[in-house]
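# Structural overview
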Amino acid sequence: MKKQLRILCPNGHLGFAPTKEESFRIAAATKPDYYCCDSGSDDIGASALGGDRSVSMYKWQKHDLELMLLASREQGVPMIVGSSGDTGANSRVDMYVQIIKDLAKEHDLPPFKLAYFYSEVDKGYLNDALANEVTIEGLDGRDPLSKEDLDKTERVVAVAGIHPFVKALDMGADVIIGGRSSDCAIFAAPAIREGFPEANAYYIGKVLECASFCAEPYGAKESIIGTITHDDVKVTAMHPDQSCTIASVSGHAMYERANPFYEFFAGGMLDMTNCHYEQFDEKTCRITGSKYVPVDGDVKVKLEGAGKVGEKFIGIAGVRDPYTIQHIDQVLSLAKEQTAKEFEGVDYHLNFRTFGKDGVMGALEPVKEIKSHELGIVVEGIADTMETAEALTLFATRQIFYARLPEVKGTAGTASFLIDDVIYARASYSWTMNHVIPVKDPMELFDVHVEEVGSLVKA
């Protein structure tokens, strides 16, 4: 049994912005046991999943995959990627598989085993589950999944735990391209498979998944290395000017948590309540005390689903007149009223985001007094057709210019436009599914394939 395992993570979201090569080269030179990276997130919103596309540039995704593939193949150790192409949808897995094949051919790599698995869930499967009175439990206060919500859904992905990654490794995979996955499972899988404690394995996954976000000073897309033993986890910054400190690592452990101490995944939960952090050396933090809590009963797999709301256009207006700024709520109210009259009987969604006031936080903004000398207003108009959405957004944006306040005497208008037109912003989608479904077999929703690629195999 191994005493330790070292995992390199080059990027907190593969391809979202390119991996920084200097720290990656430093990390690769230390000869880690695995190269692992998460490539997706629901932080990007529902539109990528619903529209079946990536929000990361193809060039950046290929760049990051190339770095990992060449380093791992040169060293002869496994490479694992989860949530391929931002969403983990089937088309994104296929895109990554093709990139790996193209890179193997381009660099004349010796043969290796490429495994991949899909995560999309057929709506018929979920319809059958509902018909059989299976409760598909809602998360974060949502009601259980209804037939109506399912009907609104364009595409569903299941969030894999460690199970398909472990199966792929058992099948001899050198490179694994995964569908939608739990961030921490991508890193925990090889550690658990090699006999390390689940508590430490899931913790190393939690701390590695965003790469250098767990280091300070802040610097994104830098590589880090996690070391797991049977007694602890250590995480080390690779950039020459970064360190993994007690503050940076413990702070990151609480990142993106409704409860800062719990991390859930298919099969259980990581409890970080009693974690102890200590500075191991200048660049390394040591962590002990995490606890693995296995699920009681059937494994529950998270489902993410997206449904189309409509076509979206964006208008951009600027306001600098002090009087209009102080009465901006009234201006926008007038714009909404005029739009409602013009589009009476039309199903639409209209949003005004006022940057310089509450554009980021909206109603949650605690600072109520406007201190800006100018405001930027982004108008979002959504309707069933592109033609209606364009007209809606154009009309609503121009009403900011036309809005009349009691003490305004001029006729030149009190707003300016970045452009006189409005900008098409693709179709808009919303989350229709944030649920968990019980399964008897944790592999039930995941289909693993393995094939050999490389220079000795015909293209």
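Just so you know, these numbers come straight off a predicted model, no measurement behind them.

Right, let's talk about unusual backbone geometry for a bit. Note on backbone geometry: most residues besides glycine have negative phi, and most peptide bonds are trans. The linkage connecting Glu-216 with the following residue, Pro-217, adopts the cis geometry, with an omega of -5 degrees. Locating Pro-217 in the fold gives a position in the loop between helix H9 (198-208) and strand E8 (224-229). Even without a glycine there, the phi angle at Asp-52 is positive, about 55 degrees. The backbone of Glu-133 sits at a positive phi, close to 60 degrees, despite the residue not being glycine. If you trace the backbone, Glu-133 turns up in the loop between helix H5 (123-131) and strand E5 (137-138). Judged by relative accessible area, Glu-133 falls into the exposed class, the value being 70%.

For the rest of this paragraph, the subject is the side chain of Gln-399. Tracing the backbone through its elements, the reader meets Gln-399 in helix H13 (residues 386-402). Judged by relative accessible area, Gln-399 falls into the buried class, the value being 10%.

This next bit is on the packing of helix H12 (residues 328-342) against H13. At their nearest, the axes of H12 and H13 sit 8 Å apart, and the two run at 140 degrees to each other. The hand of the H12/H13 crossing is right-handed. On H13, the residues touching Val-331, Leu-332, Ala-335, Gln-338, Thr-339 and Glu-342 of H12 are Leu-392, Phe-395, Ala-396, Gln-399 and Ile-400. Tallied by class, the residues present in the contact of H12 with H13 amount to 7 nonpolar, 3 polar and 1 charged.

This paragraph deals with the layout of surface pockets. Approximately 1400 Å³ is the volume attributed to the largest pocket. Lining the largest pocket are 46 residues; nearest its centre among them are Asp-42, Arg-257, Glu-263, Phe-264 and Lys-302. When residues of the lining of the largest pocket are traced back to their parent elements, those giving at least two are strand E2 (34-40), strand E10 (262-265), strand E11 (268-271), strand E14 (291-294), strand E15 (299-319) and strand E19 (423-439). For the lining of the largest pocket, the residue count by class is 20 nonpolar, 10 polar and 16 charged.

Cut-offs used in this document
Residues numbered from 1 in each chain as written. Predicted model: local features only at pLDDT ≥ 70, side-chain atom pairs only at ≥ 80, totals over all residues. Heavy atoms only, no water. Helix = DSSP H or I, 4+ residues; strand = E, 2+ residues; numbered from the N terminus. Buried < 20%, exposed > 50% of the residue type's maximum accessible area, 1.4 Å probe, protein only. Axes fitted to C-alpha atoms, helices over the stretch in contact; angles between N-to-C directions. Left-handed = near helix turned anticlockwise from the far one by under 90°. Contact = heavy atoms within 4.5 Å. Nonpolar A, V, L, I, M, F, W, Y, C, P; charged D, E, K, R; others polar. 1 Å grid on protein atoms, 1.4 Å probe; cavity = no way out; pocket = protein on both sides within 12 Å on 5 of 7 lines; lining within 4 Å. Points joined across faces, edges and corners; volume = space filled by probe spheres on them.

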